[in-house]
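Structural characterization, general
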Amino acid sequence: MGVLGPAAGGPAVADTVGAGPPPLQLAGGPEQVREGGLALLPGPLSGPGAHGHGGQGVREVVGLASRHPGEILGLSLLPANQLLLYGTGQQGAGSKGPPDGDEACGPDQLQVPSQFLPVEDRESASADGGCSAAQHRTLRSRGYVHPELVHTHAHQEWQCGHERGHQQQWHRALHSPEKVLHEHEWLLEKRCRRESDLHHWLRGRWVRVLPTECIKKLCPVFVNGNGSEYVLALNTGIHEGYIHIGTITDGLVSFRMVPTGWSVCDQLPGTNCTIDWATYIADEKNLLLLLEILNENLDKVFYLLSFNLDTEALDILYILPQYVPQASGDFLVLLGTETYTNTPMIPEGLFFNTFNNMLYIWGNFILQSYNRIHFIYLADFPKEYTIKYMVNSYHGEMVFVTDKEEIWYFLEGGYDVYRLVPSSGWNTYVFLHKMEQSSLFGDREYLVSVFYEDGQLYQLIYLTKAGRSRLVKRPLHVAKLLLYQNRRPQTFEMQGKYKKLSFTNLCPFKVMRLRDLPEKQHFARQELYHAPPPLVSQTLGFHNNKTLAVYQGLVYYLLWLHSKYDKPYADPVHDPTWRWWQHKKQYKDYYFYLSSNWLAAEGVYIDMSSYQKLYNISNDHGLPEIVFLDKGTSFSFTVFLSSQEDTLMSAATLGTTFQVEKKLAVAVVVADPDCLKATVKQEVLLNRKAVLYKIKIEDRKVCYDQGLSGHNLKKTSMMIKVLGSAGKCFQTTFLGTSMQGNLMVPVLIGCPPGKRLAFDVTYTILHSREINKHYFDCVKSNPEMPCFLFRDLFQPFFLVQDMVTGDSGSFLGSYLLKVVGGGRTLDTIRDYTEEEIFRYNSPLDNSESLIWRTKVERTTWDKKFYIMSYLSPGIEWLCLENSPCHDITPGNVFAPEFFLKLLVSNRGVDTSTYCDYQLIFILHMHGLPLSSNRSLFIVIVSISLLSGLVVFYILFCILWPHIVRAWASLRWKINNIMASESYYTYATSTAGFSVHSHTVSEESLKAPSKAGSTEGIVEAEKAQEA
C-alpha cells in the first residue's frame, strides 16, 4: 500500500508505491473507479468517533461476492448501500439509509456510485418518512400502474413516463446470485392503428424498439437463462399470432420474431385468434402461450400451447374448460368428469416457476400443474374476483392481486389460498401501526404494486397523509396477518362445578428446529472479506478526510487484490490478501509502537492481520437461501419437531408411536426426482416428545453436462413441508414473526461459482526436481514465471481452487493439453491456427511438426489428442523440424529460450465434475537444442577458427626469434647511422681543438669499422637484452 492523501486543488487521490493498481480517484471526483464481482457490506460501527461532535464516523466493511470467476466488471469502488459519509456519521442505503446515494444530500458527503432503491425504502429513510412526491424519480415496480392514478397524481407529482392506455411497468427479479443483472425499464405507448411506441430505457435515455410493429402487451420473464435476460412482446394487427422475443445481453437488446414464416393462429381452427399471454422457459428454449380463439359455435376457447424455438414445433398441451369447475373441498383434480358452474372461465395470464416446474394459469380462477398437462383447480379463490397480476418469491410463496386491489396469498406445494387484504388480520395490523403513528400508513392509499425483495413482501403505496402525498415502499408481514386472523378455537370443559377454558392447538408441533445445518456461506457461494477502518490515534478518535481517504484506498486495494488473484499461476498461499503484507509482517510491532506513542503517519494505525478473507462465516441458523451442487455432491440437515401434549398422550394410550409419526409427518419434495435424490431417516424420541428427521439431498450425476463456473446452471428446488402446518404455525422472536412448517430452497445444479483451475507451479517444480534429479531455472529468474529445462521430463500438476471455502486441492480428473501459441519473447507470442494446433499436438501428425509427446495411450475418440491426468507420465519436449520452437537462434551467450502458450481443458473428457475448466498459461522453456545443420555449421566454423589459431601460434613460435634478431640488427644500424651523422657534424664545428682532442677523435673514428664484425653484433645483442 502506498501513501494516500488529498491532491492539491482536487479530490483525494491514492497512489501506490511500486507495482500495484492504478491511482485511485475517490468517489466524488471527475471519474469513478469501477471494479466488479465484489460487493461490500457495512459492518458495525468502529472506533470512538462514530457519532457526534461534528466528526465523521466510518463503518468497517465486509466483502461479499457471488460471481463467476474471471473478469471483474461493473462494480463500483464502493457499491450501493456502502460507504456514504455524512457530517454527523455514516450510514448505508439499506434499511436505515437514504434511498439513493446520488440523491442523498448533506454536508461533507462523500458520494459513491449506487445501485437502485427506486422509492422510499423504509420508515426511517428520512426524518419525515421519505422523499417528497415532487422529486424526480424513476419508478421500477412489478405489476400494473393504475391509469387513473398515473393521470391524477403521478404525472404531476412523480414521473414514471408518459401514459396512454394501460401501462405495465416492472423490473426483472434477481434470483441468480452468481451474476449481478442490469435493470431495464420499458414503456409501451399504444397508438395502434399502424404502429405503437415501445421504448427501452438504456444508459440514461429512452431507445425506441420495434418501430414498425403494433405491440399490445409486454410479458415479463423473471428468470434469466443462458447468460441473458428476456422480455416478450405480443403483436396485434397484421402480425397477430407472432411473438417478439427480446434478448438482453450486456445491456444490448435484440428482438427476434417467431415463428418464422407462419403464425400460431394459422395452425388452429377458428376465428378472432389472439395470444393473451406468453412466458418463456429459457433453459428449455420453450414458449408457453395462452391463446384465445372463437370456434365454429362462436364460443371462446382457450388453448395452452408449447412452442420450441429450436425445432419450431407447436404442441397443444391443454384446452381450458369453458366454465369454472364446482368443488366442495380446497382443490379439485380436473379429469374431465367434474361438474361446472355457470361462471365462464376467463384466463388472464400464465406463470411458470422454473425452480419447481409448477405452471399456473390465473384469471377468475387458479389452476396449477406439475407437468403442464394435468391441472388442479384451487377452490379457495372465489370465482367472483379476477386476478390482475401475480408475483412469486421463488422460496415457496406467491401473491395474487385482483382487479379490486385485494391481495391473496398462496404457499406452493399446498392448496390453501388466503386473503390478506382486506381481512380481519389486516384490520388489526393497520390499527396497531396507526397507534404507533407510523408514517407508512396514511389517510388515503392507492396500491401501485406488490413485489418480493430478498424474500420479503412489499407494497408500493401512493398515500396521502396530512395533506401531503408521497410514494412509499412498505413491508407487508404475511406471518403477522395470518397470525392475527387465525384465532385458536376455544372450548369449555367442566371440572367439578367450574368450567375450564382450553384452546385447541392448530399447529401439529410445538417447536420446530433445524440442526446439523450446512455452512451457509459455502453452499450460497459467498466470498467474504473483513476490512475494518483504521484506528485513529487522536484524542477524540474522530475520522477526518485523510483517514477516510486511507480507508477508501485500503478497500480499493483489497478489490484490486481480489481481481488480480484470478491468474493462471497459483500462489503458494490460497488467499488474495497474502501478497499484501507478506514482506511487512516483520514490521508489525514497529508500526504498533509508533501508533501507541502518537507517532504514526497521518495519525492512523492499520492492523495488518485484520484485513483477511473469511471462509467459515454463518450469520444465523437457517438453511441457505440457495444451494449449489456439483456432480455427486450433497448436503444434509436435521429437522427436530416436538409434539403437543395431546399427541404424546394419544401415543401413550395406544402404546405405540403410530400417532406421533402420523401427526408429526414431514414430506420432502424435490422438483426434479431424476436429478436429485432425497433420503429421509426418522427417529422418534418418546422421552423428549419429539421426532427427528435426518434429510439428505444428493445430486444424481445425470442432469447436467459441463459448464463454466456459475453459468447455465440447472434450476430446481427442494421443499420440506410438515403436514397440516400451512398457515397455522408461527414463531415469534425478537426478530419478528415468521411462519414455520414450510421450507423451500432453490437448488442450482452445475459448476458452482468461485471454482477455478490453476497451474500448481510450486509442486510441479518439486516433482521435476525429484524425477529429473535436478532443477535449473533461467539465468535471469522470474518468481512469477519459473523456467523449465527443455531436456527435462515435464509433468504438470494443477489445482482446483475454491474461492469461497478456501479449499485448494489437486485436480484429479482428466484433461487435454495443447500448445495453442508461442513466441521467442513474451511480446512476440502469437496464437496458432486450428491447423497448426493439430500439427503441433496431435499424435496423428506426420509432418515433423510435433512440439511434444508423451507415453499416454488414452486419446480422444478421433485419436487426435492425448487425454492426460495427474497419473500420466511426463511430457517429452521434441520441437521437430517444422515446429515453431525448432532451431531457435540464441540471442546471447546463453542457451535459446522459448515461450509456449498452453491450453488445459477438461471439456468432454472428465466425468468427475460438472465444471468446464479451461486454463491458459505461459510456460517459459530454456535450454533448447540447435538443429543438426546449424550445429554442424557451428562445429565447422569453430574447428576452422581453432585450426587457424593453432597454425598461427606455431608460426609465431618458429619465426619469433628470427624476427627479434632482425629487429635488433635493424635498430643497431639505425643507431649507428644516427651516431655517425652526429659525430661528423660535431667535428666540423670544432676544427680548432687541441692535439689531445684530435687524437681521441681519431681513435673514435676507427670504431665504425668494427660495426659489421661478429664481436660488435654480440655486444649489441647483450646490450639489447640488458
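Above this text you will find the structure in question.
Since the model is a prediction, treat every value here as computed from it, not as a measurement.

A closer look at the nonpolar core
- Within the largest apolar cluster, 100 residues are counted, with the highest numbers of intra-cluster contacts made by Leu232, Leu287, Leu291 and Leu641.
- In this structure Leu641 touches Phe509, Val511, Met512, Leu664, Val666, Lys689, Ala690, Val691, Tyr693 and Val722, once residues within four positions along its chain are discounted.
- The next biggest cluster of nonpolar side chains, apart from the first, holds 45 residues, and it includes Val800, Cys885, Phe899 and Val904.

Here's the deal with the environment of Tyr385
- With respect to the element layout, Tyr385 can be found in the loop between strand S27 (375-378) and strand S28 (387-392).
- Linking Tyr385 and Asp403, residues 18 residues apart in sequence, is a C-alpha distance of 7.1 Å.
- Setting aside residues up to four positions removed in sequence, Tyr385 forms contacts with Gly363, Asn364, Thr402, Lys404, Glu406 and Arg419.
- Within the structure, Tyr385 has its side chain in polar contact with the side chain of Glu406 (distance 3.4 Å).

Brief notes about the state of the cysteines
- What the rule picks out here adds up to six disulfides.
- Each disulfide pairs two cysteine sulfurs, and for Cys751 the partner residue is Cys915, the sulfurs being separated by 2.0 Å. Here Cys751 and Cys915 share a disulfide; its torsion about the S-S bond, 90°, makes the bridge right-handed. Of this pair, Cys751 sits in the loop between strand S50 (742-749) and strand S51 (755-759) while Cys915 is found in the loop between strand S59 (897-905) and strand S60 (918-926), placing the two residues 164 residues apart along the sequence.
- For Cys751, a relative accessible area of 0% gives the class buried.

Structural notes on the sheet that holds strand S30 (residues 407-411)
- Ordered in space as S28-S29-S30-S31, the four strands form an open sheet in which the pairing is antiparallel. At either margin of the open sheet sits one strand with a lone partner, and together these are S28 and strand S31 (417-421). Averaged over all neighbouring strand pairs, the angle between strand axes comes to 25°, with direction disregarded.
- In terms of strand pairing, S30 meets S31 through four bridges, oriented antiparallel. Of the residues in S31, the one forming a bridge with Ile407 is Val421.
- Here helix H3 (residues 478-485) sits on the sheet in contact with S30 and S31, set at roughly 100° to S31.

Brief notes about the side chain of Gln706
- Looking at where Gln706 falls in the secondary structure, it is placed in the loop between strand S46 (690-699) and strand S47 (714-722).
- For Gln706, a relative accessible area of 9% translates into the label buried.
- A distance of 2.8 Å separates a polar side-chain atom of Gln706 from the backbone nitrogen of Gly908.
- Polar contacts involving the side chain of Gln706 include one to the main-chain carbonyl oxygen of Cys915, which spans 3.4 Å.
- Look past the residues within four positions of Gln706 in its chain and what remains in contact with it is Asn906, Arg907, Gly908, Asp910, Thr913, Tyr914, Cys915 and Asp916.

Analysis parameters
- Residues numbered from 1 in each chain as written.
- Predicted model: local features only at pLDDT ≥ 70, side-chain atom pairs only at ≥ 80, totals over all residues.
- Heavy atoms only, no water.
- Core = buried A, V, L, I, M, F, W, Y, C linked by side-chain atoms within 4.5 Å.
- Buried < 20%, exposed > 50% of the residue type's maximum accessible area, 1.4 Å probe, protein only.
- Contact = heavy atoms within 4.5 Å.
- Helix = DSSP H or I, 4+ residues; strand = E, 2+ residues; numbered from the N terminus.
- Polar contact = N/O pair within 3.5 Å; in protein donor to acceptor, adjacent residues only side chain to side chain.
- Disulfide = S-S within 2.5 Å.
- Pairing = 2+ DSSP bridges.
- Axes fitted to C-alpha atoms, helices over the stretch in contact; angles between N-to-C directions.

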